[in-house]
Amino acid sequence: MFIVALKIALVFVVFCILLYTIRHYIFTLNRLFGRQRHPYVDIETANWPSVSVLVPAHNEEAVIAYSLEALLKANYPHDRLTILVINDRSTDKTKEIVDRFSVQYPEIVRQYHRTHGKGGKAEALKEAMPEAKGDITIVFDADYIPGKGLLKQLVAPFFDPEVGSVMGRVVPVNSAHNLLTRLLDLERSAGYQVDQQARMNMALVPQYGGTVGGIRRAALENVGGWLDYTLAEDTDLTYRLMLKGWKSIYQNRSECYEEVPETWHARIRQLKRWTIGHNQALARYLGKWMFNKNISFSERIDGLLLLAIYTMSPLVILGWILAIALFYAGELTLVSAALMLFAIASYSAIGNFAVFFEICTANYLDASGSRIRLLPLNSVSFIVSILTVTQACINQIINCRNGTSRWDKTPRYRVRGFTFS
Amino acid sequence: MGSILFITITFILIALPLLPALSEWLAPVDVKPLKIVQDFDSDTSHFANGFMQYLKLNIPDFFISDTQTVDLGKAAGTTKKGTFKDGTNYIISDSASDNTGNFPDFQILHNKKANKILLSRGNLHLADGFYFDKEIYSLYSIHSGKDCIIRAALTEGDIILEENNTILRWIHGGGSIFAKENCSLLGRASANNAITLPFHCHFERMRAPVIQFGVNNNMPSPTSPISDTERQKLKILKNMKEQDGKRWLLDGDFFVPARSEFDGDIIATGNIEIGRECLIKGSIKSNSNLIIRENVDIYGSVVGAQDVEIGPCSKISNPVISEGTLLIGSNVEIGSIENQSSVIAPVIKCANGAKIHGTIWAYGNGEFIGNKSMT
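For every chain, the first residue of the written sequence is number 1, and numbering continues from 1 onward in sequence order. Labels are handed out in written order, letters beginning with A for the chains and numbers beginning with 1 for the ligands. In view of the model being predicted, local features appear only for residues whose pLDDT reaches at least 70, and side-chain atom pairs are presented and counted only at 80 or more, with totals across whole chains, interfaces and linings using the full set of residues. Side-chain figures throughout are based on the complete set of non-hydrogen atoms in the structure, without hydrogens or water.

When helices and strands are tallied, chain A shows 14 helices and eight strands. Radius of gyration (C-alpha) of chain A: 22 Å, near the 22 Å computed for a compact globule of 421 residues. Along the first, second and third principal axes, the C-alpha set of chain A runs to 75 × 50 × 40 Å. Counting all 421 residues of chain A, 63% fall into the buried class. Put simply, of all contacts in chain A between residues at least 6 apart along the chain, 83% involve residues at least 24 apart. The protein chains shown are the only cover counted for residues, whose accessible areas, like all others here, come from Shrake-Rupley with a 1.4 Å probe. Surface summary for chain A: the accessible area is close to 16,200 Å², and the carbon and sulfur share equals 63%. We score Asp and Glu as negative and Lys and Arg as positive, and we do not count His or the chain ends. Where a charge sits is defined by one atom per residue type, namely NZ (Lys), CZ (Arg), CG (Asp) or CD (Glu). Taking the average place of the 45 positive charges on the side chains of chain A and the average place of its 37 negative ones, the gap between the two points comes to 3 Å. Runs of H or I in DSSP of at least four residues are treated as helices and runs of E of at least two as strands, each being numbered from the N terminus. For a compact globule the rule gives 2.2 Å times the number of residues to the power 0.38, and the radius of gyration it is set against comes from C-alpha atoms. Relative accessible area decides the class of each residue, using a 1.4 Å probe on protein chains only: under 20% of the type maximum gives buried, over 50% gives exposed, and in between gives partly exposed. By definition, residues are in contact when any of their heavy atoms lie within 4.5 Å.

Pasting the structure below:
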């Protein structure tokens, strides 16, 4: 009986793996051969709505000035633009730098100072939201350097009354720093260039990413505003909006530089935070998602797979253990064991967050050069990811009773010697 | 000894596929961040602006005041030649008015293919049937000949394109652009005042305060033939999925009866048809086909996931976006001089009298169909 249960569990794991593999193949083929949708990005002239750009900043002295300078160069009508810097309990010179800008540009740059309260971006956004008066709210992290036309591009989709949120593409600016940043550069390319744009093409569930993105104020109010008890407010918001009949839009051509973690320690902390936040959304919305009248069948399937993505790491490890245990127990024939192991090994090879053939496709679409040679080394990143996510999932289950979670800020690094063209 | 050899060979075989990766890691070749053009701003006249910067960088004397350097009384056909630093050849005409047919360089061209940048300080006329393979710039105006192919043209004044002209890349007029029949404006066309297209013209991306389809651009803006009191308020429908204030989300197809009025946004998962003489004080979104009948006034935007048809004499104040074919009926007005708008679809067909204020962008094909039937 026990052995039968193990076999059923293994079959389930393999089924899940194959499901995700098929999903990634569909996305990749769509990007290579399907119809590409960019319906809003070229809106050039319009009666542009008022916009509040929110820049949450916690100890951002190294980067905040660059970000504000770039925002002030935007070609968005300045009489409809407010930049609201949320100084979130900074202890460095962030406040002084922002003060300087708000004195110099009093009509555009304003600041909101948080001196106490819970940490975290969602909490900061929630607290400062009443100060953001614009019809559209755009959120940028403090290390982001938006281009001149990016604000218009991000606002353009909101002329569609069904659109609740918009997400642009982030591009690592510090990719040259070390092996980790180069691997993350490949991974990010696949995630945005292939996964997100394929979801957009197929009218599935492009994910609002929390930064380089915008939210319609009316939609945010409609779904209850920012929640401060989640670690992944972006995922959370994506699902809340769709449950209420608002769409999320991804715009691959709305690109912006960001910094990626430069140390494995920072990367691991970031992954843990994403895992916990994403799993919170899974627990919160799975039931509603499966039975909501506003969700189409294809959206339902894609949204389910997106919600469950971080549960795949522990499942894969479980699959390894089950397959090996059953093989040595003599309960798997050589052929079936080989098939099972092949499926799991395939998954291990193709990865989870950035499937290897998706990385190749993204590299091709970006017309990148020889960085694709690093592809085999992405196995390192994969191993770290799968172990980190599994550990985070286990900790989350163990700690679920106390219901607390801690916000870990990703460190900032000023890019050395890079000039924005 | 055998074991060591075996282990060594095995290790080499395993490491072999990793060699390119190790090489790129230890001696990086492609390490810079992916290129993002920070100054990109979606401006239709982006390339024209770039060309102007190029000229000012390469030939600044050309832009010095006429009275200092220019003898506009020079005889027609008097030209100067030169080469920019990047090796590109150019010809300058200083005459107040000149025709490229008079240029000595052009008279010897057997294939009528002009491959030099053409700069003029006066009004420039282009000879019939030429292929201008390089950019053209005039400080005053450009008047093309018939059957010309022009790569790109920029002027501070007006541009007149005679019959059967083709613009390959871009064109920008500081004044207006007047095209004649059978012209194709491929790439980008922009003007500071107006662009006028007659029948059988094709276009891709155009931007101007007034883009007029048909030569009669004195048509008044469409006005509703009925008063507001003659309209009925739209009632709540059975297939309502969500209703949040002024936003209606509807399941399936939706028909708005003629002479209805609604203050809010309408979104349907299926087709939408707006009856004639309706007033919608919000935006419309159909996830399938969208038909707007005649004399409809929409204050917001119009978005269709598939085909969109806008009936005659309708008025739309905000952007119109279709992911299929967009048919713009006769005397339709989109946007206004004060609040310019955008019209975007893969295929756009415009009828006589349609007027767009702002940008129109047919990324597949745009066509002026005259008075032909919309369907």
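What follows deals with the state of the cysteines. By convention in this document, the label disulfide applies to cysteine sulfur atom pairs within 2.5 Å. Evaluated as defined, the whole model comprises zero disulfides over all chains. Free cysteine B:Cys350: the closest other cysteine sulfur is in B:Cys201, separated by 11 Å.

Another aspect to go through is the confidence of the model for chain A. Residues and elements named next belong to chain A. On average, chain A scores 87 in pLDDT, and the residues at 70 or more come to 90%. By mean pLDDT, helix H12 (residues 334-350) is the weakest element of chain A at 61, and helix H5 (residues 150-155) is the strongest at 95. pLDDT measures the predictor's confidence residue by residue and takes values from 0 up to 100. This stretch, residues 416-421, has a pLDDT under 50; its non-local contacts, to residues over four places away or in other chains, come to 15 contacts.

With that out of the way, let us pick up the interface of chain A and chain B. Contacts between the two partners involve 53 residues from chain A and, on the opposite side, 51 residues from chain B. Buried area is calculated as the accessible area (1.4 Å probe) missing from two parts once they are joined, with the contributions of both summed. Between chain A and chain B, the buried area comes to about 4,600 Å², and carbon and sulfur atoms account for 49% of it. In the sections that follow, a salt bridge refers to a side-chain nitrogen of Lys or Arg positioned within 4 Å of a carboxyl oxygen of Asp or Glu. Summed over the shared surface of chain A and chain B, the result is nine salt bridges. Its salt-bridge partner being B:Asp30, residue A:Arg371 comes within 2.9 Å of it at the nearest N-O pair. Identification of polar contacts relies on pairs of N or O atoms within 3.5 Å, with a donor-acceptor requirement for protein atoms, meaning one able to donate a hydrogen and the other able to accept it, and with residues adjacent in sequence counted only if both atoms are side-chain atoms. There are 25 residue pairs in polar contact (both at pLDDT 80 or more) connecting chain A and chain B. Elements with a minimum of two residues in the side of chain A that touches chain B: strand E5 (145-146), strand E6 (163-172), helix H6 (179-201) and strand E8 (247-258) of chain A. Residues are sorted three ways: Asp, Glu, Lys and Arg are charged, Ala, Val, Leu, Ile, Met, Phe, Trp, Tyr, Cys and Pro are nonpolar, and all the rest, Gly among them, are polar. Of the residues that constitute the side of chain A that touches chain B, the class distribution is 23 nonpolar, 15 polar and 15 charged.

Next up on the list: the sheet that holds strand E4 (residues 136-139) of chain A. All names here are of chain A. Here we have eight strands laid out as an open sheet, ordered E3-E2-E1-E4-E7-E6-E8-E5, and mixed in their pairing. Since the sheet does not close on itself, it has two edges, and those belong to strand E3 (109-114) and E5, each with one partner. For two strands to count as paired, DSSP must find a minimum of two bridges between them. Alignment of E5 against E8, held across two bridges, turns out to be antiparallel. Counted as the bridge partner of Ile145 is Tyr257 from E8.

This part is about a nonpolar patch on the surface. All names here are of chain B. Among the surface-exposed residues, Leu5, Ile9, Phe11, Ile12, Leu13, Leu16 and Leu19 lie close enough to one another that they form a single nonpolar patch of about 720 Å² accessible area. Looking at the nonpolar patch, the element that brings in the most residues is helix H1 (residues 2-15), giving five residues. Looking at where Leu19 falls in the secondary structure, it is placed in helix H2 (residues 19-26). Candidates for patches are residues over 30% relative accessible area with no salt bridge; among them, like charges are joined within 9 Å and nonpolar side chains (Val, Leu, Ile, Met, Phe, Trp, Tyr) within 5 Å.

A helix's residues, less one, multiplied by 1.5 Å, set its expected span. For helix H14 (residues 378-399) of chain A, spanning 22 residues, the distance from its first C-alpha to its last is 31 Å, which sits close to the expected 32 Å at 1.5 Å a residue. What H14(A) keeps buried is the set A:Asn378, A:Ser381, A:Phe382, A:Val384, A:Ser385, A:Ile386, A:Thr388, A:Val389, A:Thr390, A:Ala392, A:Cys393 and A:Gln396.

Let us now look at the confidence of the model for chain B. Per-residue confidence for chain B gives a mean pLDDT of 87, with 89% of residues at or over 70. Across the interfaces of the predicted complex, the ipTM metric reaches 0.89, alongside a pTM of 0.89.

Residue and element names in this part refer to chain B. Nonpolar cores are built from buried Ala, Val, Leu, Ile, Met, Phe, Trp, Tyr and Cys residues. Side-chain atoms within 4.5 Å join them into one set. Judged by nonpolar contacts, the single largest core of 68 residues is most densely connected at Phe213, Ile328 and Ile360. The leading source of residues in this core is strand E15 (residues 202-213), at five residues. Those residues in contact with Ile360, other than ones at most four positions away along the chain, are Phe203, Glu204, Arg205, Met206, Ile211, Phe213, Ile328, Val343, Ile348 and Cys350.

Bringing the pattern of salt bridges into the picture now. A full pass over the atoms with the stated rule returns 36 salt bridges over all chains. Measuring nitrogen to oxygen at the nearest pair gives 2.7 Å for the salt bridge that ties A:Glu162 to B:Lys285. On the criterion of chain membership, the pair formed by A:Glu162 in the loop between H5 and E6 and B:Lys285 in strand E24 (residues 284-286) is interchain, its members lying in two chains. For A:Glu162, a relative accessible area of 3% gives the class buried. Here B:Glu135 and B:Arg151 are joined by a salt bridge, their closest N and O atoms 3.4 Å apart. Of this pair, B:Glu135 sits in strand E7 (residues 131-138) while B:Arg151 sits in strand E9 (residues 149-155), placing them 16 residues apart in sequence. Given a relative accessible area of 26%, B:Arg151 falls into the partly exposed group. If you follow the salt bridges from partner to partner, you end up with A:Asp42, A:Glu44, A:Arg253, B:Asp43, B:Arg205 and B:Arg207 in one network.

Residues and elements named next belong to chain B. Only centres within 6.5 Å qualify two rings of Phe, Tyr or Trp (six-membered ring in Trp) as a pair; their planes then separate them into stacked at under 30 degrees, edge-to-face at over 60, and tilted for everything else. Under the defined criterion, the tally for this structure stands at 18 aromatic pairs over all chains. Taking 5.9 Å as the distance between ring centres and 70 degrees as the angle between the ring planes, the aromatic pair formed by Phe62 and Tyr137 counts as edge-to-face. You can see Phe62 sitting in the loop between helix H3 (46-58) and helix H4 (66-69) and its partner Tyr137 sitting in strand E7, a full 75 residues away along the chain. Judged on exposure class, the residue Phe62 and its partner Tyr137 are both buried. Of the aromatic side chains, those joined through ring pairs into one cluster are Phe51, Tyr54, Phe84, Tyr90 and Trp170. In this structure, Lys56 packs its charged tip against the face of Phe63, placed 5.8 Å from the ring centre. Ring-over charges, as used throughout, are those where CZ of Arg or NZ of Lys falls within 6 Å of the ring centre and within 35 degrees of the ring normal.

The next point concerns the pairing of E6(A). Residue and element names in this part refer to chain A. In terms of residue burial, E6 counts as a mostly covered element, since ten of its ten residues are buried. As paired strands, E6 and E8 are joined by nine bridges and run parallel to one another. What sits directly across from Val163, in E8, is Lys247. Summarising the sheet, E6 and strand E7 (residues 213-216) pair through three bridges and their orientation is antiparallel. Pairing of Met167 across the sheet is with Gly213, part of E7.

With that out of the way, let us pick up helix H13 (residues 356-365) of chain A. Among the ten residues that make up H13(A), seven are buried, leaving the element largely enclosed by the rest of the structure. After H13(A) finishes, the residue A:Ala367 shows a positive phi value of roughly 55 degrees.

Another point: the pairing of E4(A). All names here are of chain A. Side chains Ile136 and Ile138 of E4 all project onto a buried face; the interleaved residues Thr137 and Val139 project onto the opposite face, where all are buried too. Where strand E1 (residues 51-57) meets E4, four bridges bridge the pair, whose relative direction is parallel. In the strand pairing of E4, Ser52 is matched with Thr137. Direction of pairing for E4 relative to E7: antiparallel, over a ladder of four bridges. Within the sheet, the bridge partner assigned to Ile136 lies in E7 and is Arg216.

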